[in-house]
Amino acid sequence: MKLHTTNSKNTFITVADDCPLEMAEVPPRREGKKSVANYQFDVLYDHPYEYTSDDVLFFVYATRNAIPKDKWKKERLKFFSKGQPCFRASPLTKRYGWGIHSDNNGKIAIYGIGTKEYDNFIEDASVTKTKAMRSKKA
């Protein structure tokens with residue numbers, strides 16, 4: 001079985017061109033279930049450069065679908081047997097103003113638009129840049 005990945009190295013995903021914000025914001029909490037954006041934000045904000053893109057995407061999927069941890073290894077193989085949307089399609093990069101940096105080991109962290117760190121990644125010629133997907137058609 002072929003496995004797909006969303007991991008990258010030394011890459012910065014910039015916010016989408018149609019992101020409505022000039023400064024990043026924490027995804028709002030709603031009563032009841034946490035959103036995908038809430039899960040992604042919590043993991044990445046609290047654990048910068050600790051997990052890969054694949055780790056975070058699978059964690060959110062497994063948690064939202066109440067998959068028991070003892071089944072994660074098997075379910076992760078099944079999950080990545082099909083291509084999955086990467087963080088270019090994340091609400092963090094499309095709607096909430098967060099850029100995603102993957103280091104040389106493929107571990108990721110978030111940086112808010114309008115911050116010095118975000119701007120440093122934009123100006124760093126040694127880092128590959130890719131834009132988040134637009135929310136609306138051009």
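Everything discussed here concerns the structure shown above.
Residues numbered from 1 in each chain as written. Predicted model: local features only at pLDDT ≥ 70, side-chain atom pairs only at ≥ 80, totals over all residues. Heavy atoms only, no water.

Colleague: When you look at the overall build of the protein in this model, what are you seeing that I'm missing?
Modeller: Tallying secondary structure elements over the protein gives five helices and four strands in all. Ordered by position from N to C terminus, the α and β elements of the protein give β-α-α-α-α-β-β-α-β. In terms of overall dimensions, the protein is globule-like: its C-alpha atoms have a radius of gyration of 15 Å, near the 14 Å expected for 138 residues. Its C-alpha atoms give the protein principal-axis dimensions of roughly 40 × 40 × 30 Å. The buried share of the protein, taken over its 138 residues, is 40%. Expressed as a percentage of contacts within the protein between residues at least 6 apart in sequence, the contacts between residues at least 24 apart total 73%. When the accessible surface of the protein is totalled, it reaches about 8300 Å², and 52% of it is carbon and sulfur. Put simply, the protein has 24 plus and 17 minus side-chain charges, and the middle of one group is 9 Å from the middle of the other. (Helix = DSSP H or I, 4+ residues; strand = E, 2+ residues; numbered from the N terminus. Rg over C-alpha atoms; globule rule 2.2 N^0.38 Å. Buried < 20%, exposed > 50% of the residue type's maximum accessible area, 1.4 Å probe, protein only. Contact = heavy atoms within 4.5 Å. Areas by Shrake-Rupley, 256 points an atom, 1.4 Å probe, with all protein chains shown as cover. Lys, Arg positive; Asp, Glu negative; His and termini not counted. Charge placed at Lys NZ, Arg CZ, Asp CG, Glu CD.)

Colleague: Honestly, the packing of helix α2 (residues 53-64) against helix α3 (residues 72-79) in this entry has me stumped. Any pointers?
Modeller: In a packed pair of helices, the relevant descriptors are the angle between the two axes and the axis-to-axis distance. Running from N to C, α2 and α3 point in directions that differ by 110°, and their axes come no closer than 11 Å. Regarding the angle of α2 to α3, the classification is roughly perpendicular. For the element pair α2 and α3, the recorded crossing hand is right-handed. Residues Asp54, Asp55, Leu57, Phe58, Phe59, Tyr61, Ala62 and Thr63 of α2 form the contact with α3, whose participating residues are Trp72, Glu75, Arg76 and Phe79. Among the residues making up the contact of α2 with α3, the classes are represented as seven nonpolar, one polar and four charged. (Axes fitted to C-alpha atoms, helices over the stretch in contact; angles between N-to-C directions. Parallel < 35°, antiparallel > 145°, perpendicular 65-115°, else oblique. Left-handed = near helix turned anticlockwise from the far one by under 90°. Nonpolar A, V, L, I, M, F, W, Y, C, P; charged D, E, K, R; others polar.)

Colleague: Looking at this structure, how should I read the side chain of Thr52?
Modeller: Within the element layout of this structure, Thr52 appears in the loop between α1 (36-46) and α2. Here Asn7 takes part through its side chain, which lies 3.5 Å from a polar atom of the side chain of Thr52. Residue contacts for Thr52: discarding those within four places in its chain leaves Asn7, Gly106, Lys107 and Ile108. (Polar contact = N/O pair within 3.5 Å; in protein donor to acceptor, adjacent residues only side chain to side chain.)

Colleague: What is the right way to read the pairing of strand β1 (residues 11-14) from this model?
Modeller: Regular strands place their side chains on alternate faces of the sheet. The two faces of β1 match: Thr11 and Ile13 on one face and Phe12 and Thr14 on the other face are all buried. As paired elements, β1 and strand β2 (residues 98-102) share three bridges and run antiparallel to each other. By the bridge assignment for β2, Ile13 is matched with Ile100. With four bridges joining them, β1 and strand β4 (residues 128-131) adopt parallel strand pairing. Along β4, the bridge assignment pairs Phe12 with Lys129. (Pairing = 2+ DSSP bridges.)

Colleague: Explain the pattern of salt bridges to me, please; I cannot follow it from the model alone.
Modeller: One side chain can pair with another of opposite charge once the charged atoms of both are near each other. Within this structure, the stated rule accounts for six salt bridges. Across the salt bridge formed by Lys131 and Asp17, the nearest N and O atoms sit 2.9 Å from each other. With a gap of 114 residues between them, Lys131 in strand β4 and Asp17 in the loop between β1 and α1 connect regions that are remote in the sequence. Judged by its relative accessible area of 46%, Lys131 falls in the partly exposed class. (Salt bridge = Lys/Arg side-chain N within 4 Å of Asp/Glu carboxyl O.)

Colleague: Would you explain the nonpolar core in this entry?
Modeller: A general tendency of soluble globular proteins is for nonpolar side chains to be buried together. Leu44, Val56, Phe87, Leu92, Ile100 and Ile110 are the most contacted members of the largest nonpolar core, which has 18 residues in total. Ranked by the residues each element gives to this core, the list is headed by α1, at five residues. What Leu44 contacts, discounting residues up to four positions off in sequence, is Val56, Phe87, Leu92, Ile100, Ile108 and Ile110. Of all hydrophobic cores here, the second largest spans ten residues; its members include Phe12, Cys19, Leu21 and Ile113. (Core = buried A, V, L, I, M, F, W, Y, C linked by side-chain atoms within 4.5 Å.)

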